[in-house]
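What follows is the residue order along each chain.
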Amino acid sequence: MYDTIIVGAGLAGLQAATTLSAAGKDIVVLEARDRVGGRVENIALKDGRIVEMGGQWVSPGHEKMHALIDAQGLQTVEPGDGDMVLRLGGKAKKIHVEQPAAQDDLSPFEFSDLGQALLRLRRLARKVTDNPTWAAANDRWLGQSLQQWQDVNLRTEGGRRYFARLVEKALGIHPEITTLENALQRVSTGVDLESYVVTSGGVRQARVVGGLAQLTDEMARGLGDRIRLSTPVTRVEHAEGHVIVTCEGGDRFEGSSLVLTTPPRLLKTIDFEPDLPAERYDMADKIPAGNVIKAFLVYDEPWWRDRGLSGQMSWNEGAMRITFDTSDDEHHGILLGFFEGGEASGYGKLSVSLRQRIFEEAIERAFGPAPRKPVDYVDRDWLAEKYTQGCHAAHFAPGLWTAAGPVIGQPLGSMYFAGAEYASTFNGYMEGAVRSADAATSAILDVAKSSEH
Ligand SMILES: Cc1cc2nc3c(=O)[nH]c(=O)nc-3n(C[C@H](O)[C@H](O)[C@H](O)COP(=O)(O)OP(=O)(O)OC[C@H]3O[C@@H](n4cnc5c(N)ncnc54)[C@H](O)[C@@H]3O)c2cc1C
């Protein structure tokens, strides 16, 4: 009998397993896929170069992720300079993106202006989640663009400039393109804009050279044969201090406790005995997965850089609305783009070559004609992935996180829940996955310690 059985070898499962086994606990990790990492995945292009199909950007406030990356000695890179192309209502314009944007760029007055605005935004986010009736009564006002709110609420030019950069980095979208309501929802489900400011080094996001899956691979190596791949869990029988887990094919594992790290929407794919309380399924249903196809278009050079462009665009229409330059050197030009939202489910039904064509056309509209044809294209439709069923992460309807958060994350007897969607901070992000795993393991270790006394 194991001390703890962990279901899922994504970041949350690997972190939980590493902590518990370092504490001397006998554990096993059951993973449905034939690889570890879950929503963190490297794949090789035709020429052997690596691109990241899942989680990739680590932000300044993501302290636990930075610590894990540093502990493995992995190197990070930050986005380059250049103009970003913004398109609104059919009109394109260029915005100069300067990196880095350190807080010392701001005068004390501008800095306090920014601080006040962030405080106001956080208070509003709390109001919207705590008071859905107020939110419903003010839905028109909440529907204004974040830019409009920013222009009214920040008095200084520096404060506004910095606020726009923060939003771009933290939410991945320009304030002109998103609504105040959307921004408040993201803030209330864990995006911590303040931490981007307090961390010296400005608002830069980083990615790991060679891909973040090196981290999950390394964590898995440390766990060795405690991880069982291609072992989907189908049934969990649970009682106080005793769980029995059955997998496809009939293998059974017994343990004193269980950490379940599958995304909440996959709860219904497991047969629980006794069944989970109805509100858990209710909540999981009310938290639909996001819907994103992540795509990479590869050229033999980053030609947009010669035009002073950063490779980043933000569009408020069409299939491909956000792109970034993720080229590692001057010999290859790699553009990352997302097919997002309602459209993504439609594009998932198209052929890969048609999706490539749509990506190419969007790029040409934004950056002008490419000098040569792309040399490679890959994409991943996360909605079609049996053991994920959507991404980046779940979307909470206004008010739902306040109600759902405390419910869905609560342990049920000896069964603990961890993963990006269970995190109270950085919900939906890799940092949230790691933090929620730490919360689950410290609860398990506390119980173990108190039963020793
Ligand atoms: C396209 C995309 C881009 C993203 N970009 C970013 C980013 O830039 N920055 C960021 O911070 N986050 C990003 N994210 C989110 C981030 O990847 C996730 O929040 C994080 O990786 C989730 O980790 P997790 O361990 O909670 O869940 P998962 O990684 O989903 O792990 C759950 C594991 O459970 C396994 N599993 C499922 N069902 C079963 C079963 N029945 N039996 C056994 N195992 C099972 C799955 O195979 C999986 O390995 C992105 C996600 C996607 C998809």
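Residues numbered from 1 in each chain as written. Predicted model: local features only at pLDDT ≥ 70, side-chain atom pairs only at ≥ 80, totals over all residues. Heavy atoms only, no water.

K.L.:
Would you take a moment to explain the UniProt feature "binding site: substrate" (unreviewed entry) in the chain for this structure?
P.N.:
The sites that carry the UniProt feature "binding site: substrate" (unreviewed entry) are, in the present numbering, Phe338. Within the element layout of this structure, Phe338 appears in strand 17 (residues 333–340). Since its relative accessible area comes to 9%, Phe338 is described here as buried. (UniProt positions renumbered as here; feature names shortened; annotations may be inferred. Helix = DSSP H or I, 4+ residues; strand = E, 2+ residues; numbered from the N terminus. Buried < 20%, exposed > 50% of the residue type's maximum accessible area, 1.4 Å probe, protein only.)

K.L.:
I tried to follow helix 10 (residues 213–223) on my own but got confused; where do I start?
P.N.:
In an α-helix, one full turn covers 3.6 residues, which means residues spaced three or four apart are oriented alike. Buried residues of helix 10: Ala213, Leu215, Thr216, Met219, Ala220 and Leu223, and no others. Each buried residue of helix 10 lies within a common arc of 155° when the element is viewed along its axis, so the set occupies one face. With respect to the buried face of helix 10, the exposed residues turned more than 90 degrees away are Arg221 and Gly222. In this structure, the buried side of helix 10 is in contact with helix 1 (11–22), strand 2 (27–30), strand 3 (42–44), helix 2 (63–71) and strand 9 (227–228). Positive backbone phi, approximately 55°, marks Gly224, located one or two places after helix 10. (Arc of directions from axis to C-beta. Contact = heavy atoms within 4.5 Å.)

K.L.:
What should I look at first to understand the site of the ligand in this one?
P.N.:
Taken together, 37 residues are adjacent to the ligand, and Glu31, Arg33, Arg39, Trp57 and Ala420 come closest. At 2.8 Å from an oxygen atom of the ligand is found a side-chain nitrogen or oxygen belonging to Arg39. Contact distances for the ligand include 3.0 Å between an oxygen atom and a backbone N or O atom of Met430. Against a free-state accessible area of 1000 Å², the protein chains account for coverage of 98% of the ligand. Mapped by element, the contributors of at least two residues to the shell around the ligand are helix 1 and helix 16 (430–452). Of the residues assigned to the shell around the ligand, the class counts are 20 nonpolar, 13 polar and 4 charged. The residues that make up the shell around the ligand include at least three from each of domain 1 (1–38 + 214–286 + 393–450) and domain 2 (56–78 + 204–209 + 289–382). (Near = heavy atom within 4 Å. Polar contact = N/O pair within 3.5 Å; in protein donor to acceptor, adjacent residues only side chain to side chain. Areas by Shrake-Rupley, 256 points an atom, 1.4 Å probe, with all protein chains shown as cover. Nonpolar A, V, L, I, M, F, W, Y, C, P; charged D, E, K, R; others polar. Domains from an automatic or database assignment.)

K.L.:
Any chance you could explain helix 8 (residues 180–188) here in plain terms?
P.N.:
Turning to helix 8, its buried residues number three or more, namely Leu180, Ala183, Leu184, Val187 and Ser188. With its buried residues spanning 130° around the axis, helix 8 presents them on a single face.

K.L.:
Mind showing me how you'd approach the side chain of Ser436 here?
P.N.:
Along the chain, Ser436 turns up in helix 16. The exposure class assigned to Ser436 is buried, which follows from its relative accessible area of 6%. Apart from the residues within four sequence positions on either side, Ser436 is in contact with Ala418, Gly419, Ala420, Tyr422 and Ala423.

K.L.:
I would appreciate a short explanation of the packing of helix 2 against helix 16 in the present structure.
P.N.:
To describe two helices that pack against each other, one gives the angle between their axes and the distance between the axes. Axis separation between helix 2 and helix 16 bottoms out at 8 Å; the angle between their running directions is 90°. If you check the angle between helix 2 and helix 16, you find them roughly perpendicular. Contact residues: helix 2 offers Glu63, Lys64, Met65 and Leu68, while helix 16 offers Met430, Glu431, Val434, Arg435 and Asp438. Taken together, the residues of the contact of helix 2 with helix 16 break down into 4 nonpolar, no polar and 5 charged. (Axes fitted to C-alpha atoms, helices over the stretch in contact; angles between N-to-C directions. Parallel < 35°, antiparallel > 145°, perpendicular 65-115°, else oblique.)

K.L.:
Just checking my understanding: could you explain the pairing of strand 14 (residues 292–299) for this structure?
P.N.:
Each regular strand carries side chains that alternate between the two faces of the sheet. Of all 8 residues making up strand 14, 8 are buried, and the element is well covered by its neighbours. Here 8 bridges tie strand 14 to strand 17, and the two strands are oriented antiparallel to one another. Directly across from Ala295, in strand 17, lies its bridge partner Gly337. Where strand 14 meets strand 18 (residues 376–381), 6 bridges bridge the pair, whose relative direction is antiparallel. (Pairing = 2+ DSSP bridges.)

K.L.:
Help me out: how do you make sense of the pairing of strand 1 (residues 2–7) in this one?
P.N.:
Burial of strand 1 is extensive: 5 of the 6 residues sit out of reach of the surface. Across 5 bridges, the pairing between strand 1 and strand 12 (residues 252–260) is parallel. Its bridge partner lying in strand 12, Thr4 is registered against Ser257. Pairing analysis gives 4 bridges linking strand 1 to strand 2, with the strands arranged parallel. Among the inter-strand pairings, Ile6 is bridged to a residue of strand 2, identified as Val29. Between the parallel elements strand 1 and strand 2, the chain passes through helix 1 in a crossover that is right-handed. (Right-handed = clockwise from strand over helix to strand, strands pointing away.)

K.L.:
When you look at the domain arrangement of the chain in this model, what are you seeing that I'm missing?
P.N.:
Size of an interface, as often reported, equals the accessible area lost when the parts are brought together. Parsing the chain into structural domains produces domain 1 (1–38 + 214–286 + 393–450), domain 2 (56–78 + 204–209 + 289–382) and domain 3 (99–198). Computed over C-alpha atoms, the centres of domain 1 and domain 2 are 30 Å apart. Taken together, the two surfaces of domain 1 and domain 2 that pack against each other cover about 1400 Å², and 66% of this comes from carbon and sulfur. When the buried surface of domain 1 facing domain 2 is broken down by residue, Leu215, Met430 and Glu431 rank first, second and third, together holding 36% of it. Across the domain 1-domain 2 interface, the total number found is 1 salt bridge. (Buried area = accessible area lost by both parts, 1.4 Å probe. Salt bridge = Lys/Arg side-chain N within 4 Å of Asp/Glu carboxyl O.)

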